[in-house]
Structures are given as C-alpha cells and as structure tokens.
Amino acid sequence: MRTYLGYITIFFLFPVLSIFIFLSYKEWTITQSPYQVLDERIPIETIELAQTSYMTAANGKVITEISNGEKRTYLKLEDIPLFLEDLFIVTEDQNFYEHSGVDISGISRALLVNSQNNNLEQGGSTITQQLARNVYLTHDRTYNRKLSELFYAYQLERKKSKSEIIELYMNTIYFHNGAYGIEAASQFYFSKHTAELSKAELSFLAAIPNNPELYNPLKHFDKTKKRQERILKQMVAEGKLKQNEYERLIKETIKLDLSTTIDLYPDYVTYVHQELKNLVASVEGLTKTLKSPDEATRRQAEAELNKRVVKLLNSGVTIHTALDTKLQTQSKTALQSKIGVNDIEGAAVVIQHHTHQLVSLIGGKDYKKNSFNRAYQSYRQPGSAIKPLLVYAPYIEETNAEITQLISGASYCSNSYCPKNYSGGSYGMVTLKSAFAQSYNTPAIRIFEKTGIEKSFKYLDSFNFKKVSIKDHHISSAIGGFEFGMSPLELTNAYTSFNDGKYQPARAIIEVTDQKGNVLYSWKDNPKKIWNRDTVSKMRQLLHEVTVNGTARKAYFPTDYIGGKTGTTNDVKDIWFVGLTANYTTGIWIGKDTPANLQSIYSRSPHVLIWKDINQTAE
C-alpha cells in the first residue's frame, strides 16, 4: 500500500515540481541557465560500467574471471536480439521512444495493473529512470531518491540517444546471482551467449529483473516461468508476438545449464596479479616514485597505482599469460606426492628460458588464493645453490680458469670463521669440477677470495635480488650465509643466465588487451649480458657433472641437456635444487615456514625428485 501511495504522491508532486522550475526560470537565467545548473550538478558524460576481466593460459583457455562482485560483459545494441529489446519496452516502458525520461501515463498504468493483479507486476519508473537508479543512485525507497531519479533521467535523455539508453539499460539490469546485464545472465543461467538463446530463453531471463529475489530461477523457478508466460502474453497484446508463437514459446522446456565461476591455478594467478601491478607501474612511469625514500611519496604512488589497476580490471580486459597448465598440474602433483602430509612446505618455479616466460609457479602444497606465496614472497638462505652465481661463474669469467684447475679442499679458517665441508672431511687438492659436483665448501671460499668479494657481488647485483644488501658482503655468503636470502623465483630466474649468458626477468604476463584485442600493456624488457660464451660453456659442464656424478644424481634422465645445483643450509633447514634442461630452468625449494631441521626427509632427496618429475613431463 505504501508503494502505491508513493506513486500517487510522485504523480501529484511532478506537476508541482514542473511549476516550480518554470517560476524559477527567470531567476536562474540571471546567473545561469537551468541546463548549466543541471550540467554542473548532474554531469553525465561517459558511463563506464564495471565489466568482468579474464586471465588466460598460454593455450588461450580462461583460468580465472576477475570482477568486483558484478559479473558483466558489455554488449552493443546490434549484438542484442531485437526481441529482447521489445520484451523490456513492452513490460517496462511502452512509451520509451516518446517520453523525455518520465512517463506520467506509465505511472498511472502501473498503478492500475498492480491493483488488478494485487502485486507489483509493473513499476512506474521508465527505463531511463531505472538506468539512472542503477548507475547513479541507490535503490532506497525514499521520495528524495525518487526526485533525484527524475532529474538524472531528464539529464540522461538530454545527453544520450534512445539507442544508447536502451543499450546501457540491458547491460546494467540485475538478474540475480551476481549477473549484471543480459550477457552475464545468459552465460550464467544457460552457459551460452545471448545471441544463441531461443526466444523462450530470452523471455525467461527478461522475467527476472522486475524483482530479482522473487524471480530468482534457482529458488523460484515456477514463479519465473509464470512471469515469462505473462510477459509473452503482453507481447501478444501489443502486437509484438503472434498467438501461435506465444503458445509454442510457453510450451518450450526451459532447462538451466548453470556455469560456475572460473578460478583455477591460484598459485600462478596470485602472482600474475602482483606482476600486473608491476607492469602498470612500469608503463605508467610510477616505478621510481614507488621506490622513493619519502614515505608520503610512496604512499601516494601506491594509491595511484591501485586506482589505475582497479580501473583496468573493471574495464573487461584479458590478461594473456604464459602458464603451461599441464606443467602447473604436474608441478603441484610432484610437490604434494614427494613431501607428503606434514608441516613441511615447498615451492616450484619453471621458466622457459628461451622466451623468458614464467610457465609454472607453485606457492605451496595446498596453496589458497591470495595467501602467502612461497615461490615469490618467501626469502630463504640459498646454501650452496648460490655458488654458481656468486663463486664459480665470476671466478671463471675473471680468470678464464679451466674446470680441471686444482684448488685446495683442505680445512679453512679465517678470523675464527672455520666453515666445514658437509661431510666434515678435508680433501686436499681437487679440481673445480669435482669441488662443484660434490659441493665442497672450503674450495668455494678460496675461489671467492681469489675473485674478491666486491667483484663477485658486482656480478650478483646484476640479478636484482631484492633483499641482498651490503650487509651480505662477507666471506660466508660464498656458501649461502645471507641475512635474508632470496626467493625461489629470484634464484631460478638468475640461473637462466646459464642458458646463453644473458639475464632478463621472467614474466608471466605476455600482454593485456582490451575487448577489441588492442594491446594495452606489455613488457619491454631488454636482456642484459652477464657471462661470456666460454663461461657459459664451462658452467654448463659443471652443472651437468652435478647430475651425473655429484649431489643430484637422482635428477638425471636421458635428454638433450641436464644440469643443476643443490643447496642445503645449516641444520638442513632449507633444501634447494635449481637446474636446466634444453628448454626450461626449474627451481625447487623445500622447508618449513618456521625454519626447522629437515633431516627426516633429506635422505630421500625430495627436492631433486620433484625437479625430475616436473622436467620429465616438460621435455
């Protein structure tokens, strides 16, 4: 009853409002025209509706849908069936093409129809008013909101054509269950595009927006079906549908085929969201200010970046990634099967080093989306896995040493620092090849001293390890004694330089495109040369030796090339294996989130076996 009284009140208030505007016109024109006042108070230029964005794998398959709670895919009017347009005009606003935003006769008709049916079958608002409410206002049932709606509707009619208004309307109306607009509704309820729907299915969907809760097909299918039949009967009454077609349509079986929100590969997707922020910052010139020493400047830059990313993701873009879904699945399976059910965790990173594309990333055994991702957020000491980058390659690059060169493997002490080889033994003179394959510590420290700490770190600095600092410039870093260490993604990325001597950040994102396929964002990285050809050749021989005669013999399988390096930290709190094949560089880390001894699983070499499982599939 209150709703009917509200319509009646508005019915009488509207003429009063019109008289008030007319009497005030002369006063307004002294300073500004009423149009100027409306344009200032109610600016209506472009209307940007939030749309669903998508993330795809390398094979083009969608791996996740991104929305702010409103699923929407915008359709142009020419892509929307005329039958659907007629349905909404007949049921919601029969004078749509005649009125200027408000239809007094429509309000009167709605009161009459609703009183006859004893329910809210028709509303008094025009399509333009409903659009104004959906885009600019709330759905509160107050007279202030209703009056605001009138002004907004008038402005929409001034600024937009009828075609634009009906197009916007069919893209904004709510079809319940998170679906906004006809295309989202079509895909959710029928798993089909709007253009593929039958007239019966279109009219079924058209029945929902009048009262989305009451006509929610998942809860009240019969009520939705009955309203579909009523609006089809209205179409017959208005000459938009023949009687025989009406009878056919109401008999057509409506079978829902619900689609589920796509949200796969959470480890990788979470990382892509972070990389997207970095990409936007790079292209938009915000990277420098994000690293500003001034906290206020950094906060302002971060706020601006977040604003731009949100706007981008609300615009219906597609983020094309390099994800290899087969490898991602295999990596997860390998990690879970080799670690088992316990408090031990792991991470895996796979980079296709020819393209510098990140094709797989695992952030934990049972990773949940947006949780702590160990593949790129965990910084751990690398143990001997740092030796190729900080010790051996710099030494060979600087001295052109042969891998058969001898170095002392005897005990070592300097200023009370007396590191031991893992076995505790002393080995006399050994070749670089043997020292590397068996991961002896004392030869590595002697090589490190010969090259020089600062000179060696100059090479390491080329890889931009985020948490490596001047505090790490000491002798124990040669065997992995860093303050914080590096992430699995960082360390694996650095190893790609042993493919061709060049370093380039591995990227998950290939490009970001709009709905028309135009490229909006893409990385513009340039490879940086780190090692000369001779150094690369020798390092690849050393890495290969580890897998045939060294600490990673369990990783070996016949292939064009295989090589890598293990790493173990003090008290076996972290175990690593990073290695290369002909096409991929893969890094594995295993440990506990709160560092603790892993001796119980160390002898099984899970890090090496996980690596092998992944790469045998990849090759």
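Heads up: the structure comes first, above all this text.
Okay, so let's go over this structure. These figures come from a predicted structure and were not determined experimentally. (Residues numbered from 1 in each chain as written. Predicted model: local features only at pLDDT ≥ 70, side-chain atom pairs only at ≥ 80, totals over all residues. Heavy atoms only, no water.)

So, the overall build of the protein
And then number 1: Secondary structure summary: the protein contains 24 helices and 14 strands in total.
And then number 2: The buried share of the protein, taken over its 619 residues, is 52%.
And then number 3: For the protein, the proportion of contacts with a sequence separation of at least 24, taken over those separated by at least 6, is 70%. (Helix = DSSP H or I, 4+ residues; strand = E, 2+ residues; numbered from the N terminus. Buried < 20%, exposed > 50% of the residue type's maximum accessible area, 1.4 Å probe, protein only. Contact = heavy atoms within 4.5 Å.)

Remarks on the side chain of Ser-456
And then number 1: Here Ser-456 lies in helix H19 (residues 453-460).
And then number 2: According to the relative accessible area criterion, Ser-456 is buried, its value standing at 0%.
And then number 3: Sequence-distant contacts of Ser-456, defined by excluding residues within four places in its chain, comprise Leu-390, Pro-394, Phe-448 and Thr-451.

Notes on unusual backbone geometry
And then number 1: Look at Ser-416: it is not a glycine, yet its phi comes out positive at around 70°.
And then number 2: Within the fold, Ser-416 resides in the loop between strand E6 (406-408) and strand E7 (429-431).
And then number 3: We classify Ser-416 as exposed; its relative accessible area is 74%.
And then number 4: Notably, Ser-605 is not glycine yet its phi reads approximately 55°, a positive angle.
And then number 5: Structurally, Ser-605 is set in the loop between helix H23 (599-602) and helix H24 (606-618).
And then number 6: The class of Ser-605 is buried, set by a relative accessible area of 14%.

Some remarks on helix H10 (residues 221-237)
And then number 1: Counted at 1.5 Å a residue, the expected span for H10 with its 17 residues is 24 Å, and the 25 Å between its end C-alpha atoms agrees.
And then number 2: Within H10, the full set of buried residues consists of Thr-224, Lys-225, Arg-227, Gln-228, Ile-231, Leu-232, Gln-234 and Met-235.
And then number 3: The secondary structure elements touched by the buried residues of H10 are helix H3 (82-92), helix H9 (199-206) and helix H11 (243-251).
And then number 4: One or two positions beyond H10, positive phi appears at Gly-239, with a value near 75°. (Expected span 1.5 Å × (residues − 1).)

Considerations on the packing of helix H16 (residues 387-399) against helix H22 (residues 533-549)
And then number 1: It is at 9 Å that the axes of H16 and H22 come closest, and there the two elements cross at 135°. Looking at the two axes, H16 sits oblique to H22. Here the hand of the crossing between H16 and H22 comes out right-handed. The residues of H22 that touch H16, namely those facing Pro-388, Tyr-392, Ala-393, Ile-396 and Glu-397, are Thr-535, Lys-538, Met-539, Leu-542 and Leu-543.
And then number 2: Looking at the contact of H16 with H22, its residues break down into seven nonpolar, one polar and two charged. (Axes fitted to C-alpha atoms, helices over the stretch in contact; angles between N-to-C directions. Parallel < 35°, antiparallel > 145°, perpendicular 65-115°, else oblique. Left-handed = near helix turned anticlockwise from the far one by under 90°. Nonpolar A, V, L, I, M, F, W, Y, C, P; charged D, E, K, R; others polar.)

Side note on the state of the cysteines
And then number 1: Tallied over the full model, the rule gives one disulfide.
And then number 2: With a sulfur-sulfur separation of 1.8 Å, Cys-413 is cross-linked through a disulfide to Cys-418. Residues Cys-413 and Cys-418 are joined through a disulfide that is right-handed, its torsion about the S-S bond being 120°.
And then number 3: Taking the relative accessible area as the measure of exposure, Cys-413 reaches 53% and is therefore exposed.
And then number 4: A residue is classified by how much of its surface remains accessible, and Cys-418, at 33% relative accessible area, is partly exposed. (Disulfide = S-S within 2.5 Å.)

As for the sheet that holds strand E1 (residues 53-56)
And then number 1: Here five strands make up an open sheet; going across it, the order is E2-E1-E3-E9-E10 and the pairing mixed. Of all strands in the sheet, those with a lone pairing partner are strand E2 (62-66) and strand E10 (519-521), marking the two edges. In this sheet, adjacent strand axes meet at a mean angle of 30° when their direction is disregarded.
And then number 2: Examined bridge by bridge, strand E3 (residues 318-321) and strand E9 (residues 509-513) share four bridges and lie antiparallel to one another. The residue of E9 that forms the bridge with Thr-321 is Ile-509. (Pairing = 2+ DSSP bridges.)

Side note on the environment of His-99
And then number 1: Along the polypeptide, His-99 turns up in the loop between H3 and helix H4 (104-117).
And then number 2: Each C-alpha atom, one on His-99 and one on Thr-128, is 9.7 Å from the other, the two residues being 29 residues apart in sequence.
And then number 3: Discounting residues that sit within four places of it in the chain, His-99 has contacts with Asp-93, Thr-126, Thr-128, Glu-157 and Lys-162.
And then number 4: A polar atom in the side chain of His-99 sits 2.8 Å from the backbone nitrogen of Gly-101. (Polar contact = N/O pair within 3.5 Å; in protein donor to acceptor, adjacent residues only side chain to side chain.)

What about the environment of Ile-445?
And then number 1: By secondary structure assignment, the location of Ile-445 is in helix H18 (residues 441-451).
And then number 2: A relative accessible area of 0% places Ile-445 in the buried class.
And then number 3: Residues Ile-445 and Tyr-412, 33 residues apart in the sequence, show an inter-C-alpha distance of 8.5 Å.
And then number 4: Each residue touching Ile-445, except ones within four places of it in the same chain, is listed here: Tyr-412, Tyr-417, Pro-419, Ile-475, Ala-478 and Ile-479.

Here we look at the packing of H3 against H9
And then number 1: The geometry of H3 relative to H9 is characterised by a closest axis approach of 10 Å and an angle of 35° between their N-to-C directions. Judged by the twist between their axes, the crossing of H3 over H9 is right-handed. Contacts between H3 and H9 involve Phe-83, Leu-84, Leu-87 and Phe-88 from the first element and Lys-199, Leu-202, Ser-203 and Ala-206 from the second.
And then number 2: Here the residues of the contact of H3 with H9 are counted per class, giving six nonpolar, one polar and one charged.

Considerations on the packing of aromatic side chains
And then number 1: Evaluation of the coordinates by the stated rule reveals 19 aromatic pairs.
And then number 2: Measuring from ring centre to ring centre gives 4.9 Å for Tyr-392 and Phe-436, while their planes differ by 90°; the resulting arrangement is edge-to-face. Taken together, the residues Tyr-392 in helix H16 and Phe-436 in helix H17 (residues 432-437) connect sequence positions 44 residues apart.
And then number 3: The exposure class of Tyr-392 is buried, given its relative accessible area of 0%.
And then number 4: Between Phe-498 and Trp-531, the ring centres sit 6.0 Å apart and the planes meet at 10°, which makes this aromatic pair stacked. One end of the pair, Phe-498, is in helix H21 (residues 497-500); the other, Trp-531, is in the loop between strand E11 (528-529) and H22, with 33 residues separating them in the sequence. Accessibility assignment for this pair places Phe-498 and Trp-531 in one class, buried.
And then number 5: Here a set of aromatic residues connected by ring pairs shows up, and it is made of Tyr-459, Phe-463, Phe-465, Tyr-495, Phe-498, Tyr-503 and Trp-531.
And then number 6: Taking the ring centre of Phe-83 as reference, the NZ or CZ of Lys-199 above it sits at 5.1 Å.
And then number 7: The ring of Phe-436 has Lys-565 lying over it, and the distance from NZ or CZ to the ring centre is 5.9 Å. (Phe/Tyr/Trp six-rings, centres within 6.5 Å; stacked < 30°, edge-to-face > 60°. Lys NZ or Arg CZ within 6 Å of the ring centre and 35° of its normal.)

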